[in-house]
Amino acid sequence: MKFTKMHGIGNDYIYVNGFEENIDNPSEWSIRYSNRHTGIGSDGLVVILPSAVADFRMRMFNADGSEAQMCGNAVRCIGKYVFDKRLTQKTTLTLETLAGIRSLTLYLTDDKKTVNNISVDMGEPILESKKIPTTFSENSIINKYVTFSDKIKYSITCVSMGNPHAVIFTENISELYLSQIGEIIENSTQYFPQRINTEFVEKINDNRIKMRVWERGSGETMACGTGASAAVVAAVLNNICERKTTVELLGGELSIEWRQTDNHVYLTGTAETVYEGQTTYNS
């Protein structure tokens, strides 16, 4: 099985060309090879496939084998993958995901041979509580105080960017014991029936925020594109930052804009190829 290891500001996945390779059990494959001690090491697996409704289709699996609807960093990496490997010559693409079709704009290096930066139309944020989904009775969850355990109590703002997010605004996020807090919030199924991704956000100024993320099924990761998008939407709703804001993550920076003209969120950032290899996996 041939694969490519890629990352979007540290959010790393194993990418497989589904036009050429077949994985019968992608969930099991992701669990096995995402392991950072005995496998390739990643936040999960992404398979690039043909689509009947878009230029390409993606399936992605978290490190625990669960299938995810959407990942902004993975979408950017796919844009670089398909252009750099000459699967397309287009610089504007559509990609089918479980969260819907996403549009990509590819920005090339000076020699026009490879992709440098990618902008993704992440679509409209979903704020309706039941559609995120949550079990709260309110129509939207904005700055709601929630008790998760005796010691874990936060005000949260809930947003879906194709997958569910709970955004928490706090201070000194570098000092948080995220491995303890994140897991408890993620698995609070009394509030989040499909579990939840959680962003801890600290304001730097009106156009810059800092974020750490606990991803459903993967734990703390270096970055999360849908999480950064959700964080900016939540920050605007709470009058914390402007609609166009830079998000600082452990792996680097993303530019996020929630436009008033179409209500869509646009994410721009880099994607990097780390290396290519071949496993002994037999499908």
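Described in the following lines is the structure provided in the data block.

Now for the overall build of the chain. Counting secondary structure elements, the chain contains four helices and 18 strands. Compactness check: the chain gives a C-alpha radius of gyration of 18 Å against a globular reference of 19 Å for 283 residues, within 12% of the reference. Taking the principal axes of the C-alpha coordinates as reference, the chain spans close to 50 × 40 × 35 Å. For the chain, with 283 residues in total, the buried portion stands at 53%. Within the chain, contacts between residues separated by at least 24 positions form 61% of all contacts whose residues are at least 6 apart in sequence. Surface summary for the chain: the accessible area is close to 12400 Å², and the carbon and sulfur share equals 43%. Averaged over its 28 positive side-chain charges, the chain has a centre that lies 1 Å from the centre of its 34 negative ones.

The next subject is empty space enclosed by the protein. Any empty space left between atoms is shown by rolling a water-sized probe over those atoms. One pass over the structure, following the stated rule, counts one cavity of 30 Å³ or more. Around the largest cavity, the lining residues are Tyr13, Met60, Asn62, Ala68, Met70, Cys71, Asn163, Asn197, Glu215 and Arg216.

Moving on, we come to the pattern of salt bridges. Going through the model one piece at a time under the given rule, you end up with 16 salt bridges. Each member of the salt-bridge network shares a partner with another, and the members are Lys5, Asp12, Arg36 and Asp43.

Another aspect to go through is the environment of Thr105. Here Thr105 shows up in strand 7 (residues 100-108). Between the C-alpha atoms of Thr105 and Val201, which are 96 residues apart in sequence, the distance is 27 Å.

By the definition in use, this model includes zero disulfides. Note on Cys158: no disulfide assigned, nearest cysteine sulfur contributed by Cys224 at a separation of 15 Å. Classification of Cys158 as buried rests on a relative accessible area of 2%. Between Cys241, a cysteine without a disulfide, and Cys224, which holds the nearest cysteine sulfur, the sulfur-to-sulfur distance is 16 Å.

Examined bridge by bridge, strand 9 (residues 144-147) and strand 10 (residues 153-160) share four bridges and lie antiparallel to one another. Across the sheet, Thr147 pairs through a bridge with Lys153, a residue of strand 10.

Both strand 8 (residues 115-121) and strand 17 (residues 265-270) contribute to a ladder of five bridges, which runs antiparallel. Each residue of the ladder has a partner; that of Val120, found in strand 17, is Leu267. The sheet contact formed by strand 16 (residues 252-258) and strand 17 spans four bridges and is antiparallel. Of the residues in strand 17, the one forming a bridge with Ser255 is Thr268. Where strand 16 hands over to strand 17, the hairpin turn is made up of six residues, of which Asn263 adopts a positive phi near 65°.

All chains considered together, the criterion is met by nine aromatic pairs. Ring centres of Phe148 and Tyr191 lie 5.7 Å apart, and the angle between their planes is 90°; this geometry places the pair in the edge-to-face category. Taken as a pair, Phe148 in the loop between strand 9 and strand 10 and Tyr191 in the loop between helix 3 (178-186) and strand 12 (197-205) lie far apart in primary sequence, 43 residues in all. Directly above the aromatic system of Tyr81 lies the positively charged group of Lys85, at a separation of 5.4 Å from the ring centroid.

You can see Asn163 is positioned in the loop between strand 10 and strand 11 (164-169). Within polar-contact distance, the side chain of Asn163 engages the side chain of His165 at 2.9 Å. Every residue in contact with Asn163, bar those within four places of it in the chain, is listed here: Gln69, Met70, Asn197, Arg216 and Thr226.

Structurally, Tyr33 is set in helix 1 (residues 26-34). On the basis of relative accessible area, Tyr33 is assigned to the buried category, the value being 8%. Separated by 34 residues in the primary sequence, Tyr33 and Glu67 place their C-alpha atoms 15 Å from one another.

Considered for burial, the residues of helix 1 that qualify are Pro26, Trp29, Ser30, Tyr33 and Ser34. One face of helix 1 carries all of its buried residues, which in axial projection span an arc of 105°. Looking at the buried side of helix 1, the elements it contacts are strand 2 (11-17), strand 3 (44-49) and strand 4 (56-62).

Attention now moves to helix 4 (residues 225-237). For helix 4, with 13 residues, the first-to-last C-alpha span of 19 Å sits near the 18 Å given by 1.5 Å per residue. Of all 13 residues that make up helix 4, 12 are buried, and the element is covered over most of its length. Residues of helix 4 that are buried: Gly225, Thr226, Gly227, Ala228, Ser229, Ala230, Ala231, Val232, Val233, Ala234, Ala235 and Val236. Of the residues one or two after helix 4, Asn239 is the one with positive phi, at around 55°.

Cut-offs used in this document
Residues numbered from 1 in each chain as written. Predicted model: local features only at pLDDT ≥ 70, side-chain atom pairs only at ≥ 80, totals over all residues. Heavy atoms only, no water. Helix = DSSP H or I, 4+ residues; strand = E, 2+ residues; numbered from the N terminus. Rg over C-alpha atoms; globule rule 2.2 N^0.38 Å. Buried < 20%, exposed > 50% of the residue type's maximum accessible area, 1.4 Å probe, protein only. Contact = heavy atoms within 4.5 Å. Areas by Shrake-Rupley, 256 points an atom, 1.4 Å probe, with all protein chains shown as cover. Lys, Arg positive; Asp, Glu negative; His and termini not counted. Charge placed at Lys NZ, Arg CZ, Asp CG, Glu CD. 1 Å grid on protein atoms, 1.4 Å probe; cavity = no way out; pocket = protein on both sides within 12 Å on 5 of 7 lines; lining within 4 Å. Points joined across faces, edges and corners; volume = space filled by probe spheres on them. Salt bridge = Lys/Arg side-chain N within 4 Å of Asp/Glu carboxyl O. Disulfide = S-S within 2.5 Å. Pairing = 2+ DSSP bridges. Phe/Tyr/Trp six-rings, centres within 6.5 Å; stacked < 30°, edge-to-face > 60°. Lys NZ or Arg CZ within 6 Å of the ring centre and 35° of its normal. Polar contact = N/O pair within 3.5 Å; in protein donor to acceptor, adjacent residues only side chain to side chain. Arc of directions from axis to C-beta. Expected span 1.5 Å × (residues − 1).

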